2 protein chains.
Amino acid sequence: MELTDRKKRILKVVVEDYIETAEPVASKTIAQQMGGGVSSATIRNELADLVELGYLEQPHTSAGRIPSPKGYRLYVNELMERRSLSEQEAEDINAALRGKMEELDSVISRAGQVVSSLAGYPAYAVSSGKKHATLRRFELLGVSDASFICVMMTDASHVKSQILKTELPFDEDCLPQLTNLLNTHFTSRTITEMNERLRSVSEQLPAPSFLALSKVIALASEVLSEAERPDVFTTGTNRILKMPEFRDADRAHELMTFMVESKESLPVPDDGAPMKILIGPENVSEALRDTSVVVASYDIGDNMRGLVGVVGPTRMDYAAVTARLSYFAESLSNMFGKNQLPPAPADESTTRKQGEDP
Amino acid sequence: MELTDRKKRILKVVVEDYIETAEPVASKTIAQQMGGGVSSATIRNELADLVELGYLEQPHTSAGRIPSPKGYRLYVNELMERRSLSEQEAEDINAALRGKMEELDSVISRAGQVVSSLAGYPAYAVSSGKKHATLRRFELLGVSDASFICVMMTDASHVKSQILKTELPFDEDCLPQLTNLLNTHFTSRTITEMNERLRSVSEQLPAPSFLALSKVIALASEVLSEAERPDVFTTGTNRILKMPEFRDADRAHELMTFMVESKESLPVPDDGAPMKILIGPENVSEALRDTSVVVASYDIGDNMRGLVGVVGPTRMDYAAVTARLSYFAESLSNMFGKNQLPPAPADESTTRKQGEDP
DNA sequence: TTTAGCACTCGAAAAGAGGGAGTGCTAAAC
DNA sequence: GTTTAGCACTCCCTCTTTTCGAGTGCTAAA
């Protein structure tokens, strides 16, 4: 059954007032907010209906109403006014993005920080991890006769280099040879394939070269598994303590520990969707049952996606958070996905379409 | 004035009991703990003296006694029994150290994590930062005609590599030339010196080469300033909420925010000292006035030192924390300072001397 | 269908009432 | 002189009671 227009307007007022005050909303307050057209008694009748229908809840008989998860859902889907960012907000985001942003890891963790301070809630950031990462290029550079720098580039254009030491000193011309061998026979291979090849060449190489080679392959498999494993960063968990619903140390501790330690089970948006909102019990993780999560994904090039999410109380300011988050994700996508150039401090239009939800 | 032996024994009991229970300690409890030789009334007389002398405090008349900062100080300096680690504890530390530990950053942040879980308190870890870092070696590797990998090694044997793109395509043989130029004229130089040299060669190079070169120098100055800036990682801040003295959300928030945001002002040990203990008001930072900090430094080779510290309530278990922390710092020093080899899973002696204090 | 009126509910905060752990002091014992 | 038993006293904690008021639900009139 569709709600009447007036019921929706009342629901909207309740949600927005509760978002602001974190206190149950009284019928009188609603009547005022709605501009005096109706009396509080009328509102009370409507409120009773809304409770009946499951959109609102009443902490106890003589208290005002608070939105239920179902109420928030309706609000987010239909009632919420999709906000545009103020120039100030957009400028803040751009400023935050102008910082140094070359290294993938630092991009991702910074994204979390930015979003957290943008939203005023704790946030997390995930790099989706490349599916079947392989190496595109090797380079070995001698440092001494028993150590060398190994540089590798993954097919996600991620470069990793490290000094390797070996127990058996090697010849001077051994490294170019090895580099060549690596680039012809070990590129575009999975870890197992690389290990097979390593075994198959073991006979044909002098011991020092073979030792060096196996060190390289060991590092390679580490680099690849690292590239495949998504990284998760959490930030702003201290903000949890500023939410009235988490003034209780035990609850705060539970949520905080969950965010820091059980990073894997933080929500991600559905494939293809740019944004997802999960309200209270819609979260699968027990620890998030009393919170809402807004998560957006962005393009970081090379077919990879990054992810930033905000964790807040169910009464979080959805309009503001979604607006900022989607603008942020969009800016990041522009920065990384389309052109690979560093951030052009775009001073263009500050209004944007907002993200979606199921 | 020196305390009598009995006063010291009483003080020791008070401190240790309070560390354990976080409750004011009663004269009766003390009498029991001391083995029945004296009555509680005698203890009460002694307690009154100790309060007078400033070693103990009384939250209110008719409450037990708690140690004052001065009391803790005496305890730490004279009374505390320097603990040896149990085999289990030493084994736990070794196990934690066996993990992957090649990259400096990951060593440092892991050190913080390990220490935090070792102590049960939040912890921080700092890399001291090299004083006047310079670059020891450059290498440029072509990827396409407008992008190349730049590898550089600092004099702290830290390798950094990144893909650079340039707007002007360059010749094939340009990169080896540039590499050569860099290695002959730009190594062992400060940032300003490098920039001077850059200007002085600007005339003699074709535009594409010069553009590429300036990108390299720009990256170099970033790498160097990064190497000079100490990194600070904080972990385990969620443990703050488990301390009874920080059940109050506001206080917990204050401390947590301080640890996460004002990293610079976290205490460091005096030059040369392996360890430092700061009790309550001995901390300069206001936010740490009600906490104690135990901080140890360790050798990470190349004349650099790392730092790990633990932040806990003033009644923290100093004996346990200092024992673990100093064992940990010593193990790390062995691992990195003396030999540069990766962790040999040492199954040797599990007892060690403990660290020092002013 | 809306509204005014009013009794009723319930929680939060304030006030009150023991209870008890622990002290400080005094006077006796060692 | 030091130690100890004895005892009154203090002050916090917990539990209960009271009060207060915001807010509701219901009824009857507009």
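Conventions used here
Residues numbered from 1 in each chain as written. Chains lettered and ligands numbered in written order. Predicted model: local features only at pLDDT ≥ 70, side-chain atom pairs only at ≥ 80, totals over all residues. Heavy atoms only, no water. Pairing = 2+ DSSP bridges. Helix = DSSP H or I, 4+ residues; strand = E, 2+ residues; numbered from the N terminus. Axes fitted to C-alpha atoms, helices over the stretch in contact; angles between N-to-C directions. Domains from an automatic or database assignment. Contact = heavy atoms within 4.5 Å. Salt bridge = Lys/Arg side-chain N within 4 Å of Asp/Glu carboxyl O. Polar contact = N/O pair within 3.5 Å; in protein donor to acceptor, adjacent residues only side chain to side chain. Buried < 20%, exposed > 50% of the residue type's maximum accessible area, 1.4 Å probe, protein only. Near = heavy atom within 4 Å. Nonpolar A, V, L, I, M, F, W, Y, C, P; charged D, E, K, R; others polar. Buried area = accessible area lost by both parts, 1.4 Å probe. Phe/Tyr/Trp six-rings, centres within 6.5 Å; stacked < 30°, edge-to-face > 60°. Lys NZ or Arg CZ within 6 Å of the ring centre and 35° of its normal. Core = buried A, V, L, I, M, F, W, Y, C linked by side-chain atoms within 4.5 Å. Least-squares fit on C-alpha atoms with pLDDT ≥ 70 in both.

Engineer: Residue-level account of the sheet that holds strand E6 (residues 159–165) of chain A, with values.
Structural biologist: Residue and element names in this part refer to chain A. The antiparallel open sheet is built from three strands, whose spatial order is E4-E5-E6. For this open sheet the edge positions go to strand E4 (135–144) and E6, each flanked by a neighbour on one side alone. Between one strand and the next, the sheet's axes are offset by a mean angle of 20°, whatever the strand orientation. Examined bridge by bridge, E4 and strand E5 (residues 147–154) share eight bridges and lie antiparallel to one another. The residue of E5 that forms the bridge with Leu 140 is Cys 150.

Engineer: Give me the lowdown on the domain arrangement of chain A, citing residues and values where you can.
Structural biologist: All names here are of chain A. Partitioning chain A into structural domains gives domain 1 (5–79), domain 2 (82–129 + 230–353) and domain 3 (135–228). Of the residues lining the interface, eight residues belong to domain 1; the matching set on domain 2 comes to 11 residues. Where domain 1 touches domain 2, the interface holds one salt bridge. The closest approach of N and O atoms between Glu 282 and Arg 73, which form a salt bridge, is 2.7 Å. Linking domain 1 with domain 2 are four residue pairs in polar contact (both at pLDDT 80 or more), by the criterion used here.

Engineer: Account for the pattern of salt bridges, naming residues and giving values.
Structural biologist: Applying the stated rule across the entire model yields 34 salt bridges over all chains. A salt bridge links Asp 49 of chain A to Lys 7 of chain A; its shortest N-O distance comes to 3.3 Å. Of this pair, Asp 49 of chain A sits in helix H3 (residues 40–53) while Lys 7 of chain A sits in helix H1 (residues 5–21), and the two are 42 residues apart along the sequence. The partly exposed category is assigned to Asp 49 of chain A, whose relative accessible area is 33%. For Lys 7 of chain A, a relative accessible area of 7% puts it in the buried group. One salt bridge connects Lys 8 of chain B with Glu 78 of chain B, and the closest N-O pair in it is separated by 3.1 Å. Here Glu 78 of chain B lies in helix H4 (residues 69–79) and Lys 8 of chain B lies in helix H1 (residues 5–21), a separation of 70 residues in the sequence. Residue classification places Lys 8 of chain B among the buried positions, given a relative accessible area of 17%. What emerges from the salt-bridge pattern is a single network uniting Arg 6, Lys 7, Glu 46 and Asp 49 of chain A.

Engineer: Outline the protein's contact with DNA strand C, listing residues and values.
Structural biologist: Ser 39, Thr 42, Thr 61 and Ser 62 of chain A together with Ser 27 of chain B are the nearest of the 19 residues found near DNA strand C. A distance of 3.0 Å separates a phosphate oxygen of DNA strand C from a polar atom in the backbone of Ser 39 of chain A. With four residues, H3 of chain A is the single largest residue contributor to the surface near DNA strand C. Residues belonging to the surface near DNA strand C are distributed by class as follows: four nonpolar, 11 polar and four charged.

Engineer: Got a sec to walk through the environment of Met 194 of chain B? Specific residues and values, please.
Structural biologist: Residues and elements named next belong to chain B. With respect to the secondary-structure elements, Met 194 resides in helix H8 (residues 191–201). Note on Met 194: relative accessible area 1%, which makes it buried. Sequence separation between Met 194 and Thr 257 is 63 residues; the distance between their C-alpha atoms is 39 Å. Each residue touching Met 194, except ones within four places of it in the same chain, is listed here: Leu 135, Phe 138, Phe 186, Arg 189, Ile 217, Ala 220 and Leu 224.

Engineer: Describe the interface of chain B and chain A, listing the residues and the values that go with them.
Structural biologist: Taken together, the contacts link 34 residues of chain B with 34 residues of chain A. Both faces combined, the contact of chain B with chain A buries some 3100 Å², and carbon together with sulfur accounts for 58% of it. Of all residues in chain B, the largest losses of buried area upon contact with chain A belong to Asn 238, Leu 241 and His 253 of chain B, amounting jointly to 17% of the total for that side. Only strand E4 (135–144), strand E5 (147–154), strand E6 (159–165), helix H9 (207–228) and helix H10 (249–261) of chain B provide two or more residues apiece to the side of chain B that touches chain A. A per-element tally of the side of chain B that touches chain A places H10 of chain B first, with seven residues. Of the residues that constitute the side of chain B that touches chain A, the class distribution is 11 nonpolar, eight polar and 15 charged.

Engineer: Describe the packing of aromatic side chains, with residues and values.
Structural biologist: The full count for this structure, using the stated rule, is four aromatic pairs over all chains. Centroid distance Phe 148 of chain A to Phe 170 of chain A: 5.7 Å. Interplanar angle 70°. Geometry classified as edge-to-face. Of the two residues, Phe 148 of chain A is situated in strand E5 and Phe 170 of chain A in the loop between E6 and helix H7 (174–185); the sequence distance between them amounts to 22 residues. Of the residues examined, Phe 148 of chain A reaches a relative accessible area of 0% and is grouped as buried. With a centroid separation of 5.8 Å and an interplanar angle of 55°, the aromatic rings of Tyr 72 of chain B and Tyr 318 of chain B are classed as tilted. Of this pair, Tyr 72 of chain B sits in helix H4 while Tyr 318 of chain B sits in helix H11 (residues 318–338), and the two are 246 residues apart along the sequence. Looking at Arg 251 of chain A, its charged tip hangs above the ring of Phe 246 of chain A, at a distance of 4.8 Å from the centre.

Engineer: Run through the side chain of Ser 147 of chain B, naming residues and quoting values.
Structural biologist: Residues and elements named next belong to chain B. Relative to the helices and strands, Ser 147 resides in strand E5. Judged by relative accessible area, which is 8%, Ser 147 ranks as buried. Residues in contact with Ser 147, not counting those within four places in the same chain, are Gly 142, Ile 163, Leu 164, Lys 165 and Phe 170.

Engineer: An account of the nonpolar core is needed here, citing residue identities and associated values.
Structural biologist: In globular proteins that are soluble, nonpolar side chains generally tend to be buried together. In terms of nonpolar packing, the biggest core is built from 165 residues, with Tyr 318 and Phe 328 of chain A together with Tyr 318 and Phe 328 of chain B touching the most fellow members. Non-local contacts of Phe 328 of chain B, meaning those with residues more than four positions away in its chain, are made with Ile 93, Leu 97, Ala 111, Val 114, Val 115, Leu 118 and Val 308 of chain B.

Engineer: Now, about the protein's contact with DNA strand D: what can you tell me, with residues and values included?
Structural biologist: Contacts to DNA strand D come from 21 residues, most closely from Ser 27 of chain A together with Ser 39, Thr 42, His 60 and Ser 62 of chain B. Among the atoms of DNA strand D lying within 4 Å of the protein, the sugar-phosphate backbone contributes 80%. In this structure, a phosphate oxygen belonging to DNA strand D sits 2.7 Å away from a side-chain N or O atom of Ser 27 of chain A. Contact between DNA strand D and Arg 44 of chain A: a base nitrogen at 3.2 Å from a side-chain N or O atom of the residue. Ranked by residue count, the leading element in the surface near DNA strand D is helix H3 (residues 40–52) of chain B, at four residues.

Engineer: Let's hear about unusual backbone geometry: which residues, and what values?
Structural biologist: We note that Ser 188 of chain A has phi near 55°; this positive angle belongs to a residue other than glycine. You can see Ser 188 of chain A is positioned in the loop between H7 and helix H8 (191–201). Of note in the backbone geometry, Ser 62 of chain B takes a positive phi value of approximately 65° without being a glycine. By the element assignment, Ser 62 of chain B lies in the loop between strand E1 (56–57) and strand E2 (66–67). Looking at Ser 62 of chain B, the relative accessible area reads 72%, which means it is exposed.

Engineer: Provide a residue-level description of the relation of the copies chain B and chain A, including the pertinent values.
Structural biologist: For the pair chain B and chain A, the relating rotation is 180°, the translation along its axis is 0.0 Å, and the fit reaches an RMSD of 0.1 Å. Expressed as a symmetry operation, the mapping of one chain copy onto the other fits a two-fold axis. A symmetric contact is evident, with 97% of the interface residues of chain B recurring at the interface of chain A.

Engineer: Run through the sheet that holds strand E10 (residues 305–313) of chain A, naming residues and quoting values.
Structural biologist: All names here are of chain A. Ordered in space as E7-E3-E10-E9-E8, the five strands form an open sheet in which the pairing is antiparallel. On the outer flanks of this sheet lie strand E7 (231–235) and strand E8 (275–278), each paired with one strand and no other. Along the sheet, successive strands turn relative to each other by an average axial angle of 15°, direction set aside. Judged from the nine bridges that link them, strand E9 (residues 291–299) and E10 form a sheet pairing that is antiparallel. For Ser 297, the partnering residue across the bridge sits in E10 and is Leu 307.

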